[in-house]
Amino acid sequence: MNKEEIFDSYKENIMPTYTKVPLVFVKGKGSRLWDIHSKAYLDFFPGWGVGNLGHCHPKVVQAVRDQVSKLIFIPNNYYQIPQAKLAKELVYWTYPAKVFFCNSGAEANEGAIKLSRKYGQGRYEIITFDDSFHGRTLATLTATGQKKYQEGFQPLVEGFKTVKFNDINAVKNAITDKTVAVMLELVQGEGGVNVADKDFVLGLRKICDERKMLLIIDEVQTGIGRTGKLFCYQHFGITPDIMTLAKALGGGLPIGVMVVRKDIADTLQPGMHASTFGGGPVISKAALAVLTAIQKEKLLANASKMSEYLFAKLNELKNKYSTIKEVRGLGLMAGVQLSIPGKAIVEKCTESGLLINCTHDTVLRLMPALNITKKEIDKAITILDTAISLVGSS
Ligand SMILES: Cc1ncc(COP(=O)(O)O)c(C=O)c1O
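Conventions and cut-offs
By convention here, each chain's residues receive numbers from 1 onward along its written sequence. Given that the model is predicted, a residue must reach a pLDDT of at least 70 before its local features are reported, and side-chain atom pairs must reach 80 or more before they are shown or counted; all residues, however, enter totals for whole chains, interfaces and linings. Side-chain measures here rest on the full set of heavy atoms in the structure, leaving out hydrogens and waters. For every element, the axis is a line fit to its C-alpha atoms; helices are fit only across the contacting stretch, and the angle between N-to-C directions ranges from 0 to 180 degrees. Runs of E in the DSSP output that reach at least two residues are strands. Runs of H or I that reach at least four are helices, and both are numbered from the N terminus. Each angle receives one of four descriptions, namely roughly parallel if under 35 degrees, roughly antiparallel if over 145, roughly perpendicular if within 65 to 115, and oblique otherwise. If you view the pair so one helix is near and one far, a crossing is left-handed when the near helix is turned anticlockwise from the far one by less than a right angle, and right-handed when it is turned clockwise. Any two residues having at least one pair of non-hydrogen atoms within 4.5 Å are treated as being in contact. When DSSP finds at least two bridges between two strands, those strands are taken to pair. Patch membership needs two things, relative accessible area over 30% and no salt bridge, and members are linked within 9 Å if like-charged or within 5 Å if nonpolar (Val, Leu, Ile, Met, Phe, Trp, Tyr). In these tables, accessible area is a Shrake-Rupley quantity obtained with a 1.4 Å probe, and a residue counts as shielded only by the protein chains included in the view. Throughout this description, the term salt bridge denotes a Lys or Arg side-chain nitrogen within 4 Å of a carboxyl oxygen of Asp or Glu.

Packed helix pairs are specified by the crossing angle of their axes together with the interaxial distance, meaning the distance between the axes. Where helix α10 (residues 299–320) contacts helix α12 (residues 374–391), the axes come no closer than 10 Å and their chain directions differ by 20°. One way to sum up the angle between α10 and α12 is to call them roughly parallel. In this structure, α10 meets α12 at a crossing whose hand is right-handed. Facing α10, whose interface residues are Met306, Tyr309, Leu310, Lys313, Leu314, Leu317 and Lys320, α12 presents Lys374, Ile377, Asp378, Ile381, Leu384, Asp385 and Ile388.

In structure tokens, the structure reads:
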């Protein structure tokens with residue numbers, strides 16, 4: 001198929017739910033991608049948060065190859081080795097817990113919502129936050145604190161209250177005798193790369209303990225090393241009751257996980273929740289390879305080091321351009337708050353071979369792979385610098 005035939009097929013046969021960029025990618029390696037014309041791109045937003053190891057990491061490729069020739073799939077009413085190993089590994093790196101495997105971030109959050117309701121025995125209200133993003137299923141869409149995603153899908157699911165982020169009094173005021181949980185991202189990704197205050201998070205933990213409410217931490221985007229620690233909650237001195245994971249854990253294959261505090265994990269009993277493909281052998285093997293690579297290749301240390309470098313470089317740009325209002329984030333999750341819409345800058349970067357994202361209209365989002373190098377950061381910053389100077393600067 002040539003490029004036009006591909007575009008035609010999408011137009012004719014695929015529902016138009018995504019705003020498309022007219023690029024066809026055929027190959028990826030590390031932080032580089034190649035399009036159908038063999039043009040190379042530097043990917044500073046790999047897989048929308050999926051590519052923490054970059055593209056086609058050799059350990060993931062090898063793991064998938066090994067497993068795919070042995071056993072591709074076995075349903076969850078039987079036992080299999082990769083899933084048992086992955087569960088053990090996830091619990092080892094987190095807290096005393098049991099896990100539930102599914103296929104996406106929304107599905108993991110949906111599971112957390114269901115578990116909370118069952119645990120609540122009549123308490124069902126969940127408090128979430130302005131500018132949050134938790135997924136596109138009906139319940140996670142309701143949990144998401146952004147009206148633009150909800151328009152046209154009413155009536156939404158009952159039992160969610162959305163309050164101001166980083167405002168502990170707003171949480172206190174929203175609690176009723178029906179409240180069972182609080183759900184949040186510690187760094188809001190889609191909502192503009194907003195970092196939670198430590199005191200706020202400690203306050204939430206305290207309230208949840210006092211009221212026997214569950215603290216659900218959505219680490220779909222922040223997990224698996226993205227913020228310089230394996231899980232973002234480790235920056236905040238708290239332990240979640242439920243943590244949800246997805247995106248980067250699968251190394252490019254679809255996975256979702258709900259990591260539930262051990263003493264409440266048996267709330268969901270046989271028949272109460274399920275997911276046909278959840279934690280299949282191939283994906284579990286791939287996820288094990290991701291966790292191994294992060295440890296063996298010391299990627300958390302690299303992410304922290306490169307984070308310092310990236311933020312220093314972005315702050316230099318901030319000093320140069322008044323269109324940059326703020327640079328914020330954690331680890332390798334960086335947001336550049338602009339005073340103008342970021343779309344044209346993203347497009348200029350793309351033309352020059354750098355892929356970045358813009359969220360919330362005015363926030364450039366950079367989330368390079370954890371194995372990014374200084375040289376690659378320098379290249380990205382040079383392209384970004386030129387793009388900003390061309391689009392709008394002073
Ligand atoms: C924090 C967060 N939660 C949940 C989701 C939904 O994940 P998925 O698209 O895998 O359903 C996303 C996706 O961007 C996310 O960033």
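The subject of this paragraph is the sheet that holds strand β16 (residues 357–359). With antiparallel pairing, 4 strands are arranged side by side in an open sheet as β13-β14-β17-β16. Edge strands, defined here as strands with exactly one partner in the open sheet, are β13 (324–330) and β16. On average, adjacent strands in this sheet sit at an angle of 25° to one another, irrespective of strand direction. Here strand β14 (residues 333–338) pairs with strand β17 (residues 363–366) via 4 bridges, running antiparallel. Its bridge partner lying in β17, Gln337 is registered against Val363. Relative to β16, helix α11 (residues 343–351) is tilted by about 170°, and along the sheet it contacts β14, β16 and β17.

With that settled, consider the side chain of His273. Along the chain, His273 falls in the loop between β12 (256–261) and α9 (281–296). Not counting the four nearest positions on each side in its chain, His273 is found in contact with Phe100, Gly111, Lys114 and Leu268.

Turning our eyes to something else, we now look at a nonpolar patch on the surface. Taken together, the side chains of Val68, Ile72, Phe73 and Phe277 present a nonpolar region at the surface, about 380 Å² in accessible area. As for its position among the elements, Phe277 is in the loop between β12 and α9.

Turning our attention to the pairing of strand β2 (residues 32–35). Pairing analysis gives 4 bridges linking strand β1 (residues 25–29) to β2, with the strands arranged antiparallel. For Phe25, the partnering residue across the bridge sits in β2 and is Asp35. Linking β1 back to β2 in an antiparallel pair, the connection comprises 2 residues, with Gly30 at a positive phi of about 60°. Summarising the sheet, β2 and strand β3 (residues 40–43) pair through 3 bridges and their orientation is antiparallel. Bridge pairing links Leu33 to Tyr41 in β3. Where β2 hands over to β3, the hairpin turn is made up of 4 residues, of which Ser38 adopts a positive phi near 65°.

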